[in-house]
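Here is how the chains run, residue by residue.
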Amino acid sequence: MLARINKPFPRLGLAFSKKKIPRAVDRNRVKRIVREQFRLTQTTLPSVDMIVMPKAGTRNAKNTSIIASFHALCEQLKQKLGNQVEQSQRSSFTLPPQI
């Protein structure tokens, strides 16, 4: 998973190749699971662009293991970017001029 701070809300990108997951039905299943988990957790995620790329062996993974992997990666992302996001939000906030 790659991530970068860009917009005021999280966005998801999926990069699934035939090389990693040959059958379309398996690619679509994994994409559907990842999209749904992103939709359910996007309110708790920092404002980043996330790009999810599968590893070899994802085709044979069960739904529960894909969900657990996604949540673990999201937690790592929150911990890694937590301080950076807070600092960027503080620096973008400006006080109105006092009269």
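Student: Which residues make up the overall build of the protein, and what are the values?
Tutor: The helix and strand tally for the protein stands at two helices and three strands. Written out in order from the N terminus, the α and β elements of the protein read β-β-α-β-α. Counting only residues that meet the buried cut, the protein has 27% of its 99 residues in that class. Contacts spanning at least 24 positions in sequence make up 84% of the contacts within the protein whose residues lie at least 6 apart.

Student: Run through the pattern of salt bridges, naming residues and quoting values.
Tutor: A side chain of one charge can pair with a side chain of the opposite charge when the charged atoms of the two come close. Across all of its chains, the model carries four salt bridges by this definition. Arg23 is paired through a salt bridge with Asp26; the nearest N and O atoms lie 3.1 Å apart.

Student: So what's going on with the confidence of the model for the protein? Residues and values would help.
Tutor: In this model, the protein carries a mean pLDDT of 79, and residues with pLDDT of at least 70 account for 76%. Model confidence for the protein, summarised as mean pLDDT per element, is weakest for strand β1 (residues 2–5) at 60 and strongest for helix α1 (residues 24–41) at 93. A low-confidence stretch, residues 89–99 stays under pLDDT 50, and its non-local contacts, those more than four residues away or across chains, total zero contacts.

Student: Go over the side chain of Asp26, please, and point to the residues and values.
Tutor: In this structure, Asp26 sits in helix α1. Overall, Asp26 belongs to the buried group, its relative accessible area being 10%. Residue contacts for Asp26: discarding those within four places in its chain leaves Ile21 and Arg59.

Student: An account of the nonpolar core is needed here, citing residue identities and associated values.
Tutor: In this structure, Val30, Val34, Met50 and Phe70 are the most contacted members of the largest nonpolar core, which totals 15 residues. Going through the elements one at a time, α1, β3 (48–52) and α2 (63–92) are the ones with two or more residues in this core. The leading source of residues in this core is α2, at five residues. Setting aside chain neighbours within four positions, we find Val30 in contact with Phe16, Ile21, Thr58 and Ile66.

Criteria and thresholds
Chains are numbered independently. Their residues run from 1 in the order of the written sequence. Since the coordinates come from a predicted model, pLDDT governs what is reported: local features require at least 70, and pairs of side-chain atoms require 80 or more to be given and counted, while whole-chain, interface and lining totals use all residues. Excluding hydrogens and water, the side-chain values take into account all heavy atoms of the structure. In this text, helices come from DSSP runs of H or I with a minimum length of four residues, and strands from runs of E with a minimum of two, each type numbered from the N-terminal end. Only protein chains enter the calculation, and the probe is 1.4 Å; a residue is then buried if its accessible area is under 20% of its type maximum, exposed if over 50%, and partly exposed in between. Two residues qualify as a contact provided that any one of their heavy atoms is within 4.5 Å of a heavy atom in the partner residue. Any carboxyl oxygen of Asp or Glu that lies within 4 Å of a side-chain nitrogen of Lys or Arg is treated as forming a salt bridge with it. How sure the predictor is of each residue is captured by pLDDT, a score from 0 to 100. Buried residues of nine kinds, namely Ala, Val, Leu, Ile, Met, Phe, Trp, Tyr and Cys, make up a nonpolar core once their side-chain atoms join them within 4.5 Å.

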